[in-house]
Amino acid sequence: MVVATLGGDAMATLLLHSSPNAFHNSPTISSLHLPIRPITRQGAIDQVNKWITSPRPSPFQDIGVRTAARSTPIHWLSGTPGSGKSTIQLQLSNCCQQENRLLASFVFSANMIATHESQKRFVPSLAYQLAYNVPGLHRFISAAIENDPEIFCKPPVQQMISLVFHPLENCLKNSTGWTFWRRAFKASLFPRDKLLAISDTSLQLEESTAFRKLYGEWWNRNIIVVDALDECVGPREQQAVARLMFWASRHSAKFPLRFIISAPSEHKIIRNLFRECRGGMLSYTRLNDSVTRSHVRVYLEAEFARIRESRKTDQILWEEGWPGRKTVDRIVSVGGSLFIYASVIISFVNNGTGDPIELLDLLLSSLPDRARPTNGGASVTYTQFAGLDALYMFILHYHRPANRPDAIQEDGVFSLRKRILHAIMFSGRDFRSLTELDGYLTLQPGFAEVALRDLSPIIFIPPLASPFSGSRATPSDSVWKKIWFRHKSVWDFLVTKERSGDFYQSVPEAQITRIQKLEAAVGMENVPDSKFWAYVE
């Protein structure tokens with residue numbers, strides 16, 4: 001995390017207008033995505049890496065010409081919702097950071113819906129990360145904020161100019177002009193540790209030298225990763241962010257920016273916008289469903305083997321080759337290319353509180369097959385998300401009775417779950433512990449834990465810090481870790497009555513007005529991963 005590493009009132013102000021929980025290495029994002037297995041998704045990662053390492057196009061090259069030897073300003077990672085785009089983006093962000101290629105990252109997420117519009121914090125978040133990653137840049141960003149305190153109320157394009165491009169250009173001038181040589185001369189005459197002013201001069205000299213080196217390698221250091229663009233609140237906001245990125249990628253000849261973005265391939269608003277852009281601006285990697293299915297199979301086989309290995313000392317009668325090829329085939333046939341479907345199953349089976357064999361058998365006995373006959377006997381296609389819906393319904397209705405005299409009855413648990421889910425989604429509060437939920441809903445102590453303990457495959461609950469761990473809590477631990485859904489598809493499922501049934505969460509009128517702006521996007525109502533944005537009760 002880059003949070004709390006830069007001093008100054010201006011940088012503190014910039015941080016307040018940013019979304020640190022949207023950075024790829026924030027505790028919130030890291031906790032919601034499992035590390036990618038090397039044997040899966042490598043083809044897609046290699047294709048994006050090829051784009052990252054492609055040389056800068058010649059200014060004399062026709063922009064409409066696509067060649068393997070040139071890089072476009074925008075690279076779109078597309079695929080069906082739940083196919084693993086966010087996990088790949090997180091892996092790419094980490095790799096780019098390790099190789100000093102990453103300027104910034106931003107993960108749009110439904111967990112920002114209750115607190116603020118993430119689109120307004122997009123540019124300040126990028127500027128804050130650039131201030132950390134580009135030597136000496138924080139001085140000029142601070143000056144820009146001090147000169148114009150109202151910058152955060154201005155349009156995103158103006159913010160991008162004032163907080164990103166002008167500071168970069170001023171930093172370049174300061175690192176190559178006469179002021180650089182003046183500081184170099186002063187630093188050669190006075191020892192660094194004699195006076196604070198001279199020490200600061202020496203520090204600026206080091207930053208200027210590092211900036212000049214970075215500028216010489218700018219094309220290899222200018223990557224910005226933007227994940228889940230479709231989760232930006234509202235169709236108009238999504239269009240605004242997309243257009244901003246296209247504009248920013250070609251605004252400055254000295255400091256071109258390159259964006260890796262991810263969004264579902266079915267997202268019509270984004271797809272139509274990309275079609276409007278001139279040739280040579282966009283390249284893309286689409287996650288192939290058939291390849292993804294094979295990767296899901298590899299993932300399942302590896303995870304089941306890991307479960308067997310980790311629980312081999314337990315008193316469990318493992319069958320040879322458990323769970324068997326037929327079981328894996330069935331899971332893949334129902335879940336298709338949805339990595340989220342497979343990962344939820346693995347999380348449920350390996351919850352650490354029961355026999356994995358019994359849990360898997362119980363789960364499979366409750367889930368439908370790929371196709372079911374209608375009343376007339378005809379076969380119906382088992383839609384891609386019907387399997388995921390059935391899995392979510394099973395998880396939400398699963399409850400292990402507690403052997404306690406004050407245990408909640410099963411019907412009471414389900415009613416309490418629905419109430420807690422509504423509070424998490426629409427209360428406008430960030431619940432960082434189950435105790436906070438008990439207090440907010442005036443429940444008896446421990447009732448929230450009873451209601452949510454079996455929902456860990458779909459809901460993230462921050463672990464309690466041990467007083468004996470020897471480590472101090474950081475700002476990120478106390479501010480950005482909260483109880484939230486592990487995947488946006490859970491939110492989409494809950495706010496769609498036809499899908500979630502008795503667990504349906506009706507969106508409050510005030511939430512509809514504030515989030516959707518009463519703007520339903522034409523053509524988006526049939527996109528499962530974005531249905532909420534076009535949904536008006």
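See the structure above.
Just so you know, these numbers come straight off a predicted model, no measurement behind them.

Chemist: Tell me about the overall build of the protein chain, and name the residues and values.
Modeler: Looking only at helices and strands, one finds 23 helices and 9 strands in the protein chain. For the protein chain, the proportion of its 537 residues judged to be buried stands at 52%. Restricting to contacts in the protein chain with at least 6 residues of sequence separation, those with at least 24 account for 75%. Of the roughly 24700 Å² of accessible surface on the protein chain, a fraction of 53% belongs to carbon and sulfur atoms.

Chemist: Go over the nonpolar core with me, naming the residues and quoting the values.
Modeler: By size, the foremost hydrophobic cluster in this structure holds 66 residues, and its most contacted members are Leu-300 and Ile-420. Core analysis: the next-biggest nonpolar cluster, separate from the first, contains 52 residues, Met-11, Leu-214, Ile-224 and Cys-232 among them.

Chemist: Can you break down the pattern of salt bridges residue by residue, with the values?
Modeler: For side chains bearing opposite charge, pairing can occur when the charged atoms are close. The final tally for this structure, using the stated rule, is 13 salt bridges. Between Arg-139 and Glu-207 there is a salt bridge, and its shortest N-O distance comes to 2.9 Å. Of this pair, Arg-139 sits in helix α6 (residues 137-147) while Glu-207 sits in helix α9 (residues 196-216); the two residues are 68 residues apart in sequence, bridging distant segments of the chain. On the accessibility criterion, Glu-207 (15% relative accessible area) is buried. Note that Arg-417 and Asp-454 form a salt bridge whose closest N and O atoms lie 3.8 Å from each other. Of this pair, Arg-417 sits in helix α17 (residues 410-426) while Asp-454 sits in the loop between α19 (447-452) and β8 (459-460), placing them 37 residues apart in sequence. For the residue pair Arg-417 and Asp-454, the accessibility class agrees, reading buried in each case. Each of the salt bridges in this network shares a partner with another, and the network as a whole consists of Lys-213, Glu-217 and Arg-221.

Chemist: With reference to specific residues and values, describe the environment of Lys-85.
Modeler: Among the secondary structure elements, Lys-85 is positioned in helix α4 (residues 85-98). For the pair Lys-85 and Phe-339, spaced 254 residues apart in the sequence, the C-alpha separation amounts to 9.5 Å. Setting aside chain neighbours within four positions, we find Lys-85 in contact with Leu-77, Ser-78, Gly-79, Thr-80, Asp-227, Ser-262, Ala-263, Pro-264 and Leu-287.

Chemist: Residues and numbers for the environment of Arg-419, please.
Modeler: Counting through the fold element by element, Arg-419 comes out in helix α17. Among the residues examined, Arg-419 registers a relative accessible area of 41% and is labelled partly exposed. Sequence separation of Arg-419 and Gln-505 is 86 residues, and the distance between their C-alpha atoms is 9.1 Å. Beyond its immediate stretch of four places on either side in the chain, Arg-419 contacts Leu-441, Thr-442 and Leu-443. At 2.9 Å, the side chain of Arg-419 forms a polar contact with the backbone oxygen of Leu-441.

Thresholds, definitions, all that
Residues numbered from 1 in each chain as written. Predicted model: local features only at pLDDT ≥ 70, side-chain atom pairs only at ≥ 80, totals over all residues. Heavy atoms only, no water. Helix = DSSP H or I, 4+ residues; strand = E, 2+ residues; numbered from the N terminus. Buried < 20%, exposed > 50% of the residue type's maximum accessible area, 1.4 Å probe, protein only. Contact = heavy atoms within 4.5 Å. Areas by Shrake-Rupley, 256 points an atom, 1.4 Å probe, with all protein chains shown as cover. Core = buried A, V, L, I, M, F, W, Y, C linked by side-chain atoms within 4.5 Å. Salt bridge = Lys/Arg side-chain N within 4 Å of Asp/Glu carboxyl O. Polar contact = N/O pair within 3.5 Å; in protein donor to acceptor, adjacent residues only side chain to side chain.

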